[in-house]
Amino acid sequence: MVNQVFDLTGKTAVVTGAGQGIGLEIARGLALSGATVVIAEINAASGQAAATEIGGHSIELNVLDSAAVSSAFTKIAADHGSLDIVVNNAGMARNVAAEEETDEGWRQVLGLNLDAVFWCARAAGQIMLAQGKGSIINIASMSGLIVNRPQNQVAYNVSKAGVIMLTKSMATEWATRGVRVNSISPGYVGTALLREVEQKSPDWFATWTRDTPLGRVAEPAEIAPAAIFLASDAASYVTGSNLVVDGGFTAW
């Protein structure tokens, strides 16, 4: 019974920004659970490499282009017979003090981290509502719940708080029509980008690990099981939730 509810065989999943890091690990986990996975990546080369590695498919997609998103998702559903799972993972961080943040910097972060999540969730929702089923998973962050230290990142924090509320709003609108919408809020995760920060700003990294009850950052593969759970029938009664995977950071 347990194995059956986590089985994603016959499901078609799309993961945005899955050429590396958390997205790649989520795509790998979904594939290992039986799903047919399409990696939607603006970097065509890394997207194709990731798809080859996990035995999936790839499309080149700029998630900031709402028309392209809608067209791509419609084609994926037509090609594979359905669109069952969409993980909105593409995003960016920007460490700038509030008084120094520019209009362009603000819009860049909010555009990719919030606007694009809405474009993708809306396009997925339209298809899934017509099907009468589907699971949308938005990658938020614990930064949508707390203010990080010592780095300044007002735009990032606001964007991720927006993703959490977007998730709840869509979930309640679509709950009676078979479409579940949830978010995952990771803490600090040891992606390649974070490891670069560790080298450049070791004092930041020391603060992060000190303030995490588990005393370390997560490995990207430790985020993937949360997505598998939310994508599967094991989470059939879960919608509008924000699953925090932060090593206990927000408990203090």
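Please refer to the structure higher up on the page.
Residues numbered from 1 in each chain as written. Predicted model: local features only at pLDDT ≥ 70, side-chain atom pairs only at ≥ 80, totals over all residues. Heavy atoms only, no water.

Visitor: Before we move on, could you go through the pattern of salt bridges and cite the residues and values that matter?
Guide: Once the charged atoms of two side chains with opposite charge are near each other, the side chains can pair. Taken as a whole and assessed by the stated rule, the structure comprises ten salt bridges. Notably, a salt bridge pairs R94 with E101, separated by 2.9 Å at the nearest N-O pair. For R210, the salt bridge goes to D211, with nearest N and O atoms at 3.3 Å. When salt bridges that share partners are traced, they join E25, R28 and E53 into one network. (Salt bridge = Lys/Arg side-chain N within 4 Å of Asp/Glu carboxyl O.)

Visitor: Could you give me a rundown of the packing of helix α2 (residues 21-32) against helix α9 (residues 224-231), with the residues and numbers involved?
Guide: It is at 8 Å that the axes of α2 and α9 come closest, and there the two elements cross at 50 degrees. As judged from the angle between their axes, α2 and α9 are oblique. Crossing of α2 over α9 shows right-handed handedness. Of the residues in α9, those touching α2 at E25, I26, G29 and L30 are A224, A227, I228 and A231. (Axes fitted to C-alpha atoms, helices over the stretch in contact; angles between N-to-C directions. Helix = DSSP H or I, 4+ residues; strand = E, 2+ residues; numbered from the N terminus. Parallel < 35°, antiparallel > 145°, perpendicular 65-115°, else oblique. Left-handed = near helix turned anticlockwise from the far one by under 90°. Contact = heavy atoms within 4.5 Å.)

Visitor: How would you explain the packing of aromatic side chains if you had to name every residue and give the values?
Guide: In the structure shown here, the tally under the stated rule is five aromatic pairs. Taking 4.3 Å as the distance between ring centres and 10 degrees as the angle between the ring planes, the aromatic pair formed by Y188 and W208 counts as stacked. Pair noted here: Y188 is in the loop between β6 (179-186) and α7 (192-200) and W208 is in helix α8 (residues 202-210), with a separation of 20 residues, a long-range link. Its relative accessible area of 5% is what places W208 among the buried residues. With a centroid separation of 5.7 Å and an interplanar angle of 75 degrees, the aromatic rings of Y188 and F249 are classed as edge-to-face. Placement of the pair is Y188 in the loop between β6 and α7 and F249 in the segment after β7 (242-245), with a sequence separation of 61 residues. Each member of the pair Y188 and F249 is classed as buried. An aromatic cluster is defined as three or more aromatic residues linked by ring pairs; in this entry it consists of Y188, W204, F205, W208 and F249. (Phe/Tyr/Trp six-rings, centres within 6.5 Å; stacked < 30°, edge-to-face > 60°. Buried < 20%, exposed > 50% of the residue type's maximum accessible area, 1.4 Å probe, protein only.)

Keep in mind these numbers describe shape, not what the thing actually does.
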